[in-house]
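Listed here are the chains, written in short residue letters.
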Amino acid sequence: MIINQKVSDILEKQFPGSVIQPEEPQNDYIQLLPNNWNEIAKFLKKETELKFDSCQCITGVDLGIEENLEVRYNFHSMKHKHKIEIRIAVDRKRPTIPSVEQVWRGADWLEREVYDMYGVRFKGHRDLRRMLLPEDWKGWPLRKDYKTPNIYNGMKVKKVRKGWD
Amino acid sequence: MGFLEERFEDNIVTAKVDQLLSWARSTSAWYFQFGLACCAIEMMATAASRHDLERIGMMPRSSPRQADVMIVAGTVTLKMATRVKKLYDQMAEPKYVISMGSCANSGGPYSRAGYHVLKGVDQVIPVDVYIPGCPPRPESLIEGLLKLQEKIRHERPLTKKK
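The present account deals with the structure reproduced in this document. (Residues numbered from 1 in each chain as written. Chains lettered and ligands numbered in written order. Predicted model: local features only at pLDDT ≥ 70, side-chain atom pairs only at ≥ 80, totals over all residues. Heavy atoms only, no water.)

1. Structural notes on unusual backbone geometry
Selection rule: A run of DSSP states H or I qualifies as a helix once it reaches four residues; a run of E qualifies as a strand once it reaches two. Both are numbered from the N-terminal end. Accessibility here uses a 1.4 Å probe with only protein chains present; expressed as a share of the type maximum, an area under 20% marks a residue as buried, one over 50% as exposed, and anything in between as partly exposed.
Geometrically, the link from E93 of chain B to P94 of chain B is a cis peptide bond, its omega value of -5° lying close to zero. By the secondary structure assignment, P94 of chain B is in the loop between α3 (78-90) and β4 (96-100). The amide bond that connects C134 of chain B to the next residue, P135 of chain B, takes the cis arrangement and shows omega of -10°. Counting through the fold element by element, P135 of chain B comes out in the loop between β5 (129-131) and α5 (138-153). Even without glycine at this site, K51 of chain A takes up a positive phi of about 50°. With respect to the element layout, K51 of chain A can be found in the loop between α2 (37-46) and β3 (54-62). We classify K51 of chain A as partly exposed; its relative accessible area is 27%.

2. Details of the packing of aromatic side chains
For the record, the criterion: Pairing of aromatic side chains requires ring centres within 6.5 Å, counting the rings of Phe and Tyr and the six-membered ring of Trp. Pairs whose planes differ by under 30 degrees are stacked, by over 60 edge-to-face, and all others tilted. Only when the NZ of Lys or the CZ of Arg is both within 6 Å of the ring centre and within 35 degrees of the ring normal is a charge said to sit over the ring.
For the structure on display, the rule yields 10 aromatic pairs over all chains. A centroid spacing of 6.3 Å and a plane angle of 35° characterise the contact between W37 of chain A and F75 of chain A, whose relative ring orientation is tilted. Of the two residues, W37 of chain A sits in helix α2 while F75 of chain A sits in strand β4 (residues 69-76), which places them 38 residues apart along the sequence. Each member of the aromatic cluster is reached from another via a ring pair, and the members are W37, Y73, F75 and W104 of chain A. Here R87 of chain A stacks its cationic end above the ring of Y29 of chain A, 3.7 Å away from the centre of that ring. Geometry around Y88 of chain B places K95 of chain B over its ring, the cationic atom sitting 4.3 Å from the centre.

3. Some thoughts on the layout of surface pockets
Residue and element names in this part refer to chain A. The condition is simple: Using a 1 Å grid laid over the protein atoms alone, points where a 1.4 Å probe fits but cannot get out form a cavity; open sets with protein on both sides within 12 Å along at least 5 of 7 lines form a pocket; any residue with an atom within 4 Å of a point counts as lining. Grid points are joined across faces, edges and corners, and a volume is the space filled by probe spheres set on the points. Three categories are distinguished: nonpolar for Ala, Val, Leu, Ile, Met, Phe, Trp, Tyr, Cys and Pro, charged for Asp, Glu, Lys and Arg, and polar for the others, with Gly belonging to the last.
Estimated volume of the largest pocket: approximately 310 Å³. Listing elements by their share of the lining of the largest pocket, those giving two or more residues are α1 (3-14), β1 (19-20) and β2 (30-32). No other element matches α1, which puts three residues into the lining of the largest pocket. Looking at the lining of the largest pocket residue by residue, the classes come out as six nonpolar, six polar and two charged.

4. Points about a nonpolar patch on the surface
All names here are of chain B. Put simply, the rule is: Note on patches: the residues involved have over 30% relative accessible area and no salt bridge, like charges join within 9 Å, and the nonpolar side chains Val, Leu, Ile, Met, Phe, Trp and Tyr join within 5 Å. Residue exposure ignores everything except the shown protein chains as possible cover, and the areas themselves are Shrake-Rupley values with a 1.4 Å probe. A pairing counts as a salt bridge when a side-chain nitrogen of Lys or Arg comes within 4 Å of a carboxyl oxygen of Asp or Glu.
Together, L4, F8 and I12 make up a nonpolar patch on the protein surface, roughly 270 Å² of accessible area in all. You can see L4 is positioned in the segment before α1 (17-26). On the accessibility criterion, L4 (35% relative accessible area) is partly exposed.

5. Quick word on the side chain of S106 of chain B
Residue and element names in this part refer to chain B. Here is the rule: By the criterion applied in these results, polar contacts are pairs of N or O atoms within 3.5 Å in which, for protein atoms, one can donate a hydrogen and the other can accept it, and in which residues neighboring in sequence qualify only through two side-chain atoms.
As for its placement among the helices and strands, S106 is situated in helix α4 (residues 101-106). Since its relative accessible area comes to 16%, S106 is described here as buried. A distance of 3.5 Å separates a polar atom in the side chain of S106 from the backbone nitrogen of G108.

6. A look at the pattern of salt bridges
Residues and elements named next belong to chain A. Applying the stated criterion across every chain yields a total of 14 salt bridges over all chains. Residue R92 is joined to D62 by a salt bridge in which the shortest nitrogen-to-oxygen separation is 2.9 Å. One end of the pair, R92, is in the loop between β5 (83-90) and β6 (96-98); the other, D62, is in strand β3, and 30 residues separate them in sequence. Exposure remark for D62: the relative accessible area of 7% places this residue in the buried category. One salt bridge connects R92 with D145, and the closest N-O pair in it is separated by 3.4 Å. Of this pair, R92 sits in the loop between β5 and β6 while D145 sits in the loop between β7 (121-123) and β8 (151-152), and the two are 53 residues apart along the sequence. Given the relative accessible area of 11%, R92 is considered buried. Its relative accessible area of 36% is what places D145 among the partly exposed residues. Linked through salt bridges whose partners overlap, the residues forming this network are E101, R105, D108 and R126.

7. Observations regarding the packing of helix α2 (residues 39-47) of chain B against α5 of chain B
Residue and element names in this part refer to chain B. Going by this rule: Where helices are involved, their axes are fitted lines through C-alpha atoms of the stretch in contact, as for all axes, and angles between N-to-C directions lie from 0 to 180°. Here roughly perpendicular refers to angles of 65 to 115 degrees, roughly parallel to angles under 35, roughly antiparallel to angles over 145, and oblique to all remaining angles. We call two residues contacting when some pair of their heavy atoms lies within 4.5 Å.
Where α2 meets α5, the closest approach of the two axes is 9 Å, and the angle between their N-to-C directions is 75°. Classified by the angle between their axes, α2 and α5 sit roughly perpendicular to one another. The segment α2 lies against α5, with E42, M43, A45 and T46 engaging P138, L141 and I142. Counted by class, the contact of α2 with α5 contains five nonpolar, one polar and one charged residues.

Set out below in structure tokens:
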């Protein structure tokens, strides 16, 4: 049995309307709506058949200037030795998504990194600060519409050198 | 050393105080032990037993207040640049800076697309010797350090500048 289909069916049964069914059947990921993501996350961790007790990675993706942002979660179960990827699209203008920091403790810094690079606000995160960039940095550098600043704290960032192109 | 040379018995050397001081400085240039990126690995290899920096009088110091030379080994991000400047300000005079590797010289691979990298550490602190390479081999680093020693040896700390 393919784990993606199984998880998708269980989630659809438990939380009707939360799973976005793919146009073509595929085994790569499960697309979810962000509304009750926190409850779904708790369910994924607790349910005896699933037991996704390890949050391995959280990634942000910018799908394009006109498109949405996306947050991707990779979960693994130590008990059942299966893993899934979950994708949740968030609106570019108001990028808010429930936090799973209190479900998986390891999600803390991963969510902070996604916030740092894409500006996705994780609602309910207890310490949502920038992770890698300095705290007075402006903008979200891995978004496609990011403009590199010319100056930061009196230091030039862009340096035009003739003959390099 | 002038007309006094070879007038005394063996093992007595005559020199001007100026020259003696700069010679002593050049042969005990202790460097500040900190690395920013992969160049630091090469710096550690230079300090280790095969290349052995201590044979030219350089030993690592972990405090900027005891160090004479700062080897900027690696990518200087904008976040780190403020720290590098602060560490440089904490060093006691006379102090020297070696910019090691492409990243510290000009931004290296990040010089065009990096939004977060300082394009050359010379924008923040004055640099004495630039060492090219990505990363430079220990031989290049030693060459740069010998160049720095040469520079220090030609200084005249007690002579008033005109």
